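Tertiary structure, described
Below, each chain spelled out in residue letters.
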Amino acid sequence: MITVEEAEQLIASRLEPLPSETVSIENAAERVLMESLQADRDLPPFNRSTFDGIALSYGAIEQGQRAFPIVGTGFAGSPKLELTDPKTCVEIMTGAPLPDNADCVVKIEDLDIENGSARIKDGVSLSIGYGVHPQASDSAKGRTLLERGCRLSAKELSVAASIGKAALVVSKQPRISILTTGDELVAVEASPLPHQIRRSNDLALQTALQAAGYTNVSRSHIVDDLEETQHAVTSVLKRADVLILAGGVSKGKRDFLPEALEAAGVDKAFQWISQRPGKPLWFGDCKRDGRRTYVFALPGNPVSCFTCLHRYVLPALDRLCGKRPGEARYAKLASEFQFKPPLTLFLPVLLSSDSSGQSWAEPLPFNTSGDYISVARTQGFIELPKDEINFAKGAPFPFTPWSI
Ligand code: AMP
Ligand code: MG
């Protein structure tokens, strides 16, 4: 048996980043950016008004002037005006360019406007630059706004859109195939016989992958038969970048996967990790025609399967796509916990936060790694190290959220 850390390293050592492609910004959501993006102009590109009101020269206010004749109107989307006489003002709308020679905006709520003149109400205090969002104050032209390796969620896409990037270089979507195995497993809509089970792992895996941004996923199911398994694996290896198998990887008499994978030419990197759940996890890869397929065979127990996806497969996919790793998250154990076996424990938890902002992880009592009903109430798992038995209340541990 190898450790969790050794397994991670063995996976990382085999991964080769996927190539990049250019896609339209409309199709770039959740993809990993493979270029860095710079501001194409100053942001904001001009001194912009942050209020609806009047723009004027602060020097006039300093000299005691409170009422200003309105000599023009500046709209958002109209070219910049000029304040030629510092004793006058220009009506201005939020987002409009500040007129030349103006350096202060008084908001409409602070004014009485009558007969073409704007009077500043008593008690309103102003300063030079008030109500002005200065040119280049968010970013000067040329500054890097998005780094290579970031995932393009809504906020990153708004930055890309604002600097005119109609097309973006992103890493290719990995083609992922899910193959579930098991004679006992029937379709969702089936009426199972007493000894049969409706299959759920395939849908859980696909949904979690999609939520993490991996949308090119196909799935099928095979029975526990060596030849059929080998045949199915061989055909998937021709078209997938990543093959995720579930079930049939342990030591049962019909657990054919390790044999079928090796017969199909997949080079095993490891099997058996000192962890619970998910001890039988198998990983390898296969290189054909200069293209690699990475193969993860996850134990079929729903909790093991789901945990291994989050602990190993999703990080590996991120790495394949060149995504820069995010900050590790931690949560404190909400109650004392004991675990004797010398295994790393991935413990599903109910996460909560208190009024000081501290995250607490309450271990959920669950039956076995087949108890996916309990797990559905949790938000993720904490990782308890292998060589300890007693875990104190309040001790912090790494927390991995379920992909939602
Ligand atoms: P296995 O890893 O094939 O020995 O399966 C372990 C347990 O997980 C068995 O009880 C299976 O019925 C269950 N299982 C395996 N695959 C699935 C699946 N796709 N959906 C739900 N349960 C599964
Ligand atoms: Mg099975």
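As a convention, each chain's residues are numbered from 1 in the sequence order in which they are written. Written order decides the labels, with chains lettered from A and ligands numbered from 1. Where totals are concerned, whole chains, interfaces and linings use all residues; where local detail is concerned, this predicted model gives features only for residues with pLDDT of at least 70, and gives and counts side-chain atom pairs only at 80 or more. Based on all heavy atoms of the structure, the side-chain values leave hydrogens and waters out of the count.

Put simply, DSSP H or I for four residues or longer makes a helix, DSSP E for two residues or longer makes a strand, and each gets a number counted from the N terminus. Broken down by element type, the protein carries eight helices and 28 strands. Values of the radius of gyration come from C-alpha atoms, whereas the globule rule sets the reference at 2.2 Å times the count of residues to the power 0.38. Over its C-alpha trace the protein gives a radius of gyration of 30 Å, far above what one expects of a compact globule, namely 22 Å for 404 residues. Seen along its three principal axes, the alpha-carbon backbone of the protein occupies a region of about 95 × 55 × 40 Å. Going through the 404 residues of the protein one by one, you find that 44% of them count as buried. Restricting the contact set of the protein to residue pairs at least 6 apart, pairs at least 24 apart contribute 71%. Using the Shrake-Rupley algorithm and a 1.4 Å probe, accessible areas are obtained, with residue cover drawn only from the displayed protein chains. Surface accessibility of the protein: about 19900 Å² in total, with carbon and sulfur atoms responsible for 50%. When charges are counted, Lys and Arg contribute as positive and Asp and Glu as negative, whereas His and the chain ends are disregarded. For the purpose of locating charges, the reference atoms are NZ of Lys, CZ of Arg, CG of Asp and CD of Glu. On the protein, the mean spot of the 43 positive side-chain charges and the mean spot of the 49 negative ones are 5 Å from each other. Burial classification: accessible surface area is computed with a 1.4 Å probe over protein chains only, and a residue below 20% of its type maximum counts as buried, one above 50% as exposed, and the rest as partly exposed. Whether two residues touch is decided by their heavy atoms; if any such pair falls within 4.5 Å, the residues are in contact.

Put simply, a salt bridge is a Lys or Arg side-chain nitrogen that is within 4 Å of an Asp or Glu carboxyl oxygen. Counted under the stated rule, the structure contains 18 salt bridges. Across the salt bridge formed by Asp285 and Arg14, the nearest N and O atoms sit 2.8 Å from each other. Here Asp285, found in strand β20 (residues 282-288), pairs with Arg14, found in helix α1 (residues 4-14); they are 271 residues apart in sequence, far enough to count as distant. A residue is classified by how much of its surface remains accessible, and Asp285, at 5% relative accessible area, is buried. For Arg219, the salt bridge is made with Asp202, and the minimal N-O distance between the two is 3.9 Å. Of this pair, Arg219 sits in strand β16 (residues 217-222) while Asp202 sits in helix α4 (residues 201-211); the two residues are 17 residues apart in sequence, bridging distant segments of the chain. What emerges from the salt-bridge pattern is a single network uniting Arg14, Glu16, Asp267, Asp285 and Arg292.

Turning to the packing of α4 against helix α7 (residues 302-320), a few remarks are in order. In this analysis, axes come from line fits to C-alpha atoms, helices being fitted only over the stretch in contact, and the angle between any two N-to-C directions falls in the range 0 to 180 degrees. Direction vectors running N to C along α4 and α7 enclose 30 degrees, while the axes themselves pass 11 Å from each other. Looking at the two axes, α4 sits roughly parallel to α7. Viewed along their axes, α4 and α7 form a crossing whose handedness is right-handed. On α7, the residues that touch Asn201, Ala204, Leu205, Ala208 and Leu209 of α4 are Pro302, Cys305, Phe306, Leu309, His310, Leu314 and Leu317. Any angle between 65 and 115 degrees counts as roughly perpendicular, while under 35 counts as roughly parallel, over 145 as roughly antiparallel, and the rest as oblique. Handedness of a crossing is defined here by the sense of rotation of the near helix relative to the far one, left-handed for an anticlockwise turn of less than a right angle and right-handed for a clockwise turn.

Bringing the site of ligand 1 into the picture now. If a single non-hydrogen atom of a residue is within 4 Å of a molecule or strand, that residue counts as near it. Ligand 1 sits among 13 residues. The nearest are Glu184, Ser200, Asn201, Gly248 and Gly300. Throughout this description, a polar contact denotes any pair of N or O atoms lying within 3.5 Å of each other; where both atoms belong to protein, one of them has to be capable of donating a hydrogen while the other can accept it, and for residues adjacent in sequence the pair is counted only when both atoms sit in side chains. Contacts to ligand 1 include Asn301, whose backbone N or O atom sits 3.2 Å from an oxygen atom. Considered on its own, ligand 1 offers 480 Å² of accessible surface; in the complex 78% of this is hidden by protein. Here the nonpolar group is Ala, Val, Leu, Ile, Met, Phe, Trp, Tyr, Cys and Pro; Asp, Glu, Lys and Arg are the charged ones; every other residue, Gly included, is treated as polar. Its residues placed into classes, the shell around ligand 1 shows three nonpolar, eight polar and two charged.

Whether two strands pair comes down to DSSP finding at least two bridges between them. Two elements, strand β5 (residues 67-74) and strand β9 (residues 117-120), share three bridges in a ladder whose sense is antiparallel. Its bridge partner lying in β9, Phe68 is registered against Ala118. One ladder, built from three bridges, connects β5 with strand β6 (residues 89-92); its direction is parallel. Its bridge partner lying in β6, Ile70 is registered against Cys89.

Below, the discussion takes up the domain arrangement of the protein. Domain delimitation in this document rests on an assignment produced automatically or drawn from a domain database. According to the domain assignment, the protein consists of domain 1 (4-19 + 173-320), domain 2 (26-40 + 140-171), domain 3 (48-133) and domain 4 (330-401). Using only C-alpha atoms to locate each centre, domain 2 and domain 3 end up separated by 36 Å.

On the secondary structure map, Leu15 appears in the loop between α1 and β1 (20-24). A relative accessible area of 12% places Leu15 in the buried class. Between the C-alpha atoms of Leu15 and Lys87, which are 72 residues apart in sequence, the distance is 68 Å. Those residues in contact with Leu15 that sit more than four places away from it in its chain are Tyr294, Ala316, Arg319 and Leu320.

Now for the nonpolar core. If you look at the biggest cluster of nonpolar residues, it comprises 42 residues, and the most contacted ones within it are Leu209, Ile244, Phe296, Leu298, Leu309, Tyr312 and Leu317. Secondary structure elements with two or more residues in this core: α1, β13 (176-181), α4, β17 (242-246), β21 (291-298) and α7. Ranked by residue count, the leading element in this core is α7, at 11 residues. Residues lining this core come from more than one domain, with at least three contributed by each of domain 1 (4-19 + 173-320) and domain 4 (330-401). We call a set of buried Ala, Val, Leu, Ile, Met, Phe, Trp, Tyr and Cys residues a nonpolar core when their side-chain atoms join them within 4.5 Å. In terms of nonpolar packing, the next biggest core, distinct from the first, is built from 18 residues, Val236, Ala240, Leu243 and Leu245 among them.

The next subject is the sheet that holds β6. In space, the six strands of this open sheet follow the order β7-β4-β6-β5-β9-β8, with mixed pairing throughout. This sheet does not close on itself; its edge strands, each paired only once, are β7 (104-107) and β8 (111-114). Looking at each pair of strands side by side, their axes are set apart by 40 degrees on average, direction ignored. The pairing of strand β4 (residues 53-56) with β6 spans three bridges and is antiparallel. Counterpart to Ala55 in the pairing with β6 is Val90.

Here we come to unusual backbone geometry. Following Leu43, the chain continues into Pro44 via a peptide bond in cis, with omega recorded as -10 degrees. Inspection of the secondary structure assignment puts Pro44 in the loop between β2 (37-38) and β3 (48-49). The omega torsion of the bond from Arg276 to Pro277 falls at -5 degrees, within 30 degrees of zero and hence cis. Topologically, Pro277 is positioned in the loop between β19 (275-276) and β20. Not every positive phi belongs to a glycine, and Asn101 is a case in point at roughly 75 degrees. Structurally, Asn101 is set in the loop between β6 and β7. A positive phi is found at Asn115, a non-glycine position, where the angle reads about 50 degrees.

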